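What follows is the residue order along each chain.
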Amino acid sequence: MKEIKLPKVTFWRAVLVIIWTLGLYATFIRFTKGLGAATNLSDQFPWGIWIGFDILVGVGLAAGGFVITAFVYIFNVKDFKAISRPTVLTAFLGYVLVIFALMFDLGLPYNVWHPIIMWNPHSVMFEVGWCVMLYTTVLFLEFSPLLLERFGFKKPLAIMRKLILPLVILGVLFSTLHQSSLGTLYVIVPDKLHPLWYTGLLPLLFFISAICGGLAMVIFESYTSARAFGKELEFPILAQLSRILVVVLFLLLFIRYRTLAANNALQYIFDGSKESIYFLVEISIGIIIPVILFLIPKIRNNRAGLFLGAVFVLIGFIMNRLNVSITGMAWSSGVNYFPTWMEVAITASIVSAGFVIFRYATKHLPIFPDKESEAAKVPPPLISAGRSGSRVIMVLGSLLLIVSVGLALEFSSKSKTEVIPEEQSEPVKNVMPAELSLPAPIEFEMGEDSPGVVTFTHETHVDPDEPNCTGCHTGMFNIKPDKVGALGSVSMEKLYENQQCGKCHNGDDSFSVEECEFCHYAE
Amino acid sequence: MNAAILNDMTKCIGCKACTLACKEVNGLPKDASSDVLSSKSWVAVEQKNGINIKRQCMHCNEPACASACPVGALEKTETGAVVYDASKCMGCRYCLIACPFSIPKYEWDKTLPKVTKCVMCYENALKKGEQPACTSVCPTGATIFGDRDELIQEAKNRIANNPDKYVDHIYGIKEAGGTSVIYLSSVPFAELGFPVDREEEPYPKLTWKVLSQIPNIVSTGGILLLGSWWVINRRMKLENERNQNNIDDDNIIES
């Protein structure tokens, strides 16, 4: 007799089941009743957490992929080789989940493939879509050696190993493009995005903060994987990463400051508004506190300290993306957006699915290096990883800085005005005001005490040369299709008080309302 | 020839004939309020401080919505009208975000939603050389249709002949790079909810400044990355060779 083994019911598994059940129900509502039923989105606020969090944060946090692969395969920093596999897995998984999450937000997700054949190269969204498509493909190819190794396909594996360098270069390029383009999306709304976040250099800020988020994600994920799966934590490598993070965070702070100063937005930082508070919290948690933490050697050389610093960076990163997409946009929208439980349930379901798939992948694929590998044992400092390597990084770092400054100057200069060419088109009939089209005579409904029916004609009241329609409409006489001529739309009380018709029919400008028979025709 | 609409708010009596005509032509429900724009009211007449304001798509010369749409579903036609092709749309709603006047609305209550806005009756009227529904029913001539240059001239004439009646500004000549729907008003436009004090540069230029750099970034970046890999790779190879030679020398000496 075979024993049936039921999966153990743990706390986290129970939580997962609850989240997924809620998510499933929310999915059902979303697709059977529409976006309005499942979300708090509206014409005034069309993008909520499904864009602000699922996409902007999701794509940013998967950025570790291109940063680490660049270090390993281009700059030949072999120290990081051990974490390149889990990083690529996180990135690939992240992008797949982002695309999956997008299907919920799009109004017509079955048309998501349209940008492949319908092109608008002037659209930032077009560029984001294409880069994400291409980058996910690259990630899949970078990830494929893991699958090929697992299933023992030796020849394809050898081929893929040769392609790794061009793939990594393409990966870095595509990543740079779309990480920054997610910021460029908001460049077109200078009036709608709050000045504490709006700048023409949003693409640069998004790119740099994506590097920060990606690096912090690597530290975070290595730590949690080690604790969850008992894999060796590549501590020395992560300590090096934290030093790089400090430098990049400083750069980020500096450029943020410069853009705020250039846009005359420094005045908003301490103005006590809701937005200023969100801004201060974001900068403190995301930049200032982690920089301080990482500069203290005791914290930097301590596993928990590294993890803590990384968590701050990640929270700050999430806050930044949410501030740009939600706080900063809600400011001008006139509405107070807050997601429905269904929006949260779907987001939570997707994020938790990510964790589950990651865990499943680490169990069945060769993600983590063997304990015997050199990378995990001796902690070689960054400098010795080929002195050439570090020097080249410094040179490239300065180049990046120069390019950044150059771009900053480019964007801040006024654009030349272009002459819009006259377009030849079909002649359209020219219509200028000719005759007034006055309504037909209006017969008023008779009240009980009425001496006779009243019929109003516009012709007797309107001078065709100087119509002055607004003299009577809508102040004196509000035009409501259901009320015209209705009983009570004009009342004798008002007339006697020199209102409505009584304003002119006062005996001076025209005959008085006391002359009943002038208007009321007796039957 | 650029088709345009002149909305003279000093002549609008709020009768809403224009909104009803629009609903008639586009099959929209009459009971849906036309006090504000919505997916069921593509033209609205709003009352503010006793003044009636016709709200509709501005049909910008260089529309932000058209540049934002990834699949080109929104397009400025040769007539001047900015039209929408629902068959291309995937519902990303970037056009709602991008429009500086917040004109496009979405069918949030539908399972297969579309973006909605005034399309200046392009299919049913403009293409045939006729005027849109709204301007054809206005009893007072508050909203009229014509060639953009002629309407601008007419607007200038009105201001010149009645300086007390109008604020000396024609809204839409320069705003957002110029629009095909222009307005005249008796009070400052800011009081009527029109966005003012903005750059006159068309909005699409803002993002194009960034997007046009992409070929540069890709080529420069690609060369930098490939170059640095090559440089580092060579250095490592040379270092390894040097180390190997040292080891061989040691071996020779020892032996």
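Remember, it's a predicted structure, so these values are computed and weren't measured experimentally.

Conventions adopted
Residues numbered from 1 in each chain as written. Chains lettered and ligands numbered in written order. Predicted model: local features only at pLDDT ≥ 70, side-chain atom pairs only at ≥ 80, totals over all residues. Heavy atoms only, no water. Helix = DSSP H or I, 4+ residues; strand = E, 2+ residues; numbered from the N terminus. Buried < 20%, exposed > 50% of the residue type's maximum accessible area, 1.4 Å probe, protein only. Contact = heavy atoms within 4.5 Å. Areas by Shrake-Rupley, 256 points an atom, 1.4 Å probe, with all protein chains shown as cover. Buried area = accessible area lost by both parts, 1.4 Å probe. Salt bridge = Lys/Arg side-chain N within 4 Å of Asp/Glu carboxyl O. Polar contact = N/O pair within 3.5 Å; in protein donor to acceptor, adjacent residues only side chain to side chain. Nonpolar A, V, L, I, M, F, W, Y, C, P; charged D, E, K, R; others polar. Pairing = 2+ DSSP bridges. Axes fitted to C-alpha atoms, helices over the stretch in contact; angles between N-to-C directions. Expected span 1.5 Å × (residues − 1). Bend = angle between axes of the 7 residues up to and from the residue. Core = buried A, V, L, I, M, F, W, Y, C linked by side-chain atoms within 4.5 Å. Phe/Tyr/Trp six-rings, centres within 6.5 Å; stacked < 30°, edge-to-face > 60°. Patch = residues over 30% accessible without salt bridge, like charges linked within 9 Å, V, L, I, M, F, W, Y side chains within 5 Å. Parallel < 35°, antiparallel > 145°, perpendicular 65-115°, else oblique. Left-handed = near helix turned anticlockwise from the far one by under 90°.

**Focus on the overall build of chain A**
- Scanning chain A for helices and strands turns up 17 helices and 3 strands.
- Of all 523 residues assigned to chain A, the portion counted as buried reaches 49%.
- Considering only contacts in chain A between residues 6 or more positions apart, those separated by 24 or more positions represent 75%.
- Total accessible area computed for chain A in this model is approximately 27,600 Å², and 65% of it derives from carbon and sulfur atoms.

**Regarding the interface of chain B and chain A**
- Between chain B and chain A, the contact holds 85 residues from the first and 84 residues from the second.
- Between chain B and chain A, the buried area comes to about 7,400 Å², and carbon and sulfur atoms account for 64% of it.
- The partner of Asp105 of chain A in a salt bridge is Arg93 of chain B, and the shortest N-O contact between them spans 2.9 Å.
- The interface formed by chain B and chain A includes 22 residue pairs in polar contact (both at pLDDT 80 or more).
- Going through the elements one at a time, α2 (64-68), α3 (94-98), β6 (105-106), β8 (143-147), α5 (148-161), α6 (204-211) and α7 (214-254) of chain B are the ones with two or more residues in the side of chain B that touches chain A.
- With 15 residues, α7 of chain B is the largest single contributor of residues to the side of chain B that touches chain A.
- Tallied by class, the residues present in the side of chain B that touches chain A amount to 43 nonpolar, 22 polar and 20 charged.

**Focus: the pattern of salt bridges**
- Evaluated as defined, the whole model comprises 14 salt bridges over all chains.
- Glu282 of chain A is paired through a salt bridge with Arg256 of chain A; the nearest N and O atoms lie 2.8 Å apart. Pair noted here: Glu282 of chain A is in helix α11 (residues 274-295) and Arg256 of chain A is in helix α10 (residues 235-262), with a separation of 26 residues, a long-range link. Of the two residues, Glu282 of chain A and Arg256 of chain A, neither departs from the other in class, the shared state being buried.
- Note that Arg158 of chain B and Glu154 of chain B form a salt bridge whose closest N and O atoms lie 2.8 Å from each other.

**Some points on the sheet that holds strand β3 (residues 520-521) of chain A**
Residues and elements named next belong to chain A.
- Strand order in this open sheet of 3 strands is β1-β2-β3, and the pairing throughout is antiparallel. Strand pairing shows two members of the sheet lacking a second neighbour, β1 (442-443) and β3, which therefore form its edges.
- Relative to β3, strand β2 (residues 453-456) is paired through 2 bridges, and the arrangement is antiparallel. Within β3, the position partnered with Val453 by the bridge is Tyr521.

**Notes on the sheet that holds β8 of chain B**
All names here are of chain B.
- Pairing in this open sheet of 3 strands is mixed, and the strands run β8-β1-β9 from one edge to the other. Both edges of this open sheet fall to β8 and β9 (181-184), since each of them pairs with a single strand only. The sheet shows a mean angle of 25° between the axes of neighbouring strands, taken without regard to direction.
- Both strand β1 (residues 3-8) and β9 contribute to a ladder of 4 bridges, which runs parallel. Bridge pairing links Leu6 to Ile182 in β9.

**A look at unusual backbone geometry**
- Despite not being glycine, Met120 of chain B shows a phi value in the positive range, around 55°.
- Looking at where Met120 of chain B falls in the secondary structure, it is placed in the loop between β7 (115-116) and α4 (133-137).

**A word on helix α8 (residues 154-184) of chain A**
- End to end, α8 of chain A covers 43 Å across 31 residues, agreeing with the expected 45 Å (1.5 Å per residue, within 8%).
- Along α8 of chain A, the largest kink reaches about 45° and is centred on Ile164 of chain A; proline Pro166 of chain A follows within four residues of it.

**Some words on helix α1 (residues 17-26) of chain B**
Residues and elements named next belong to chain B.
- Of all the positions in α1, only Cys18, Thr19, Ala21, Cys22 and Lys23 are classed as buried.
- Contacts made by the buried residues of α1 are with β2 (44-48), β3 (51-55) and α4.
- Within two residues after α1, Gly27 carries a phi angle of roughly 65°, on the positive side.

**Observations regarding the nonpolar core**
- One finds Phe80, Tyr186, Leu193, Leu241 and Leu245 of chain A together with Tyr94 and Tyr183 of chain B to be the most contacted residues of the largest nonpolar core, which totals 191 residues.
- When residues of this core are assigned to their parent elements, the largest contribution, 14 residues, is made by helix α9 (residues 202-229) of chain A.

**Some details on the packing of aromatic side chains**
Residue and element names in this part refer to chain A.
- What the rule picks out here adds up to 25 aromatic pairs over all chains.
- On the numbers, 6.2 Å between centres and 80° between planes, the contact of Trp47 with Tyr186 is edge-to-face. Separated by 139 residues along the polypeptide, Trp47 in the loop between α2 (35-38) and α3 (49-61) and Tyr186 in the loop between α8 and α9 bring together distant segments of the chain.
- Relative accessible area serves as the criterion here: at 4%, Trp47 is assigned to the buried category.

**Some remarks on a nonpolar patch on the surface**
Residues and elements named next belong to chain A.
- Residues Ile18, Leu22, Tyr25, Phe28 and Trp341 make up a contiguous nonpolar surface patch of about 550 Å² in total accessible area.
- Element by element, the count of residues in the nonpolar patch is highest for helix α1 (residues 11-33), at 4 residues.
- With relative accessibility at 43%, the residue Trp341 sits in the partly exposed group.

**With respect to the pairing of β2 of chain B**
Residue and element names in this part refer to chain B.
- By the bridge criterion, 5 bridges tie β2 to β3 in an arrangement that is antiparallel. If you follow Glu46 over to β3, its bridge partner there is Ile53.
- The hairpin turn running from β2 into β3, its antiparallel successor, is 2 residues long, and Asn49 in that turn takes a positive phi close to 55°.

**Observations regarding the environment of Gly193 of chain B**
Residue and element names in this part refer to chain B.
- Summarising the element assignment, Gly193 is placed in the loop between β9 and α6.
- A relative accessible area of 46% places Gly193 in the partly exposed class.
- Between the C-alpha atoms of Gly193 and Trp208, which are 15 residues apart in sequence, the distance is 28 Å.

**Looking at the packing of helix α5 (residues 81-105) of chain A against helix α14 (residues 341-364) of chain A**
All names here are of chain A.
- Between α5 and α14, whose axes approach to 10 Å, the crossing angle comes to 150°. As far as their axial angle goes, α14 and α5 are roughly antiparallel. Crossing of α5 over α14 shows right-handed handedness. In this structure, α5 uses Pro86, Leu89, Thr90, Leu93, Leu97, Phe100, Ala101 and Phe104 to contact α14, whose residues at the interface are Ile346, Ile350, Gly354, Ile357, Phe358, Ala361 and Thr362.
- In terms of residue class, the contact of α5 with α14 is made up of 12 nonpolar, 3 polar and no charged.

In short, shape yes, function no, at least from these values alone.
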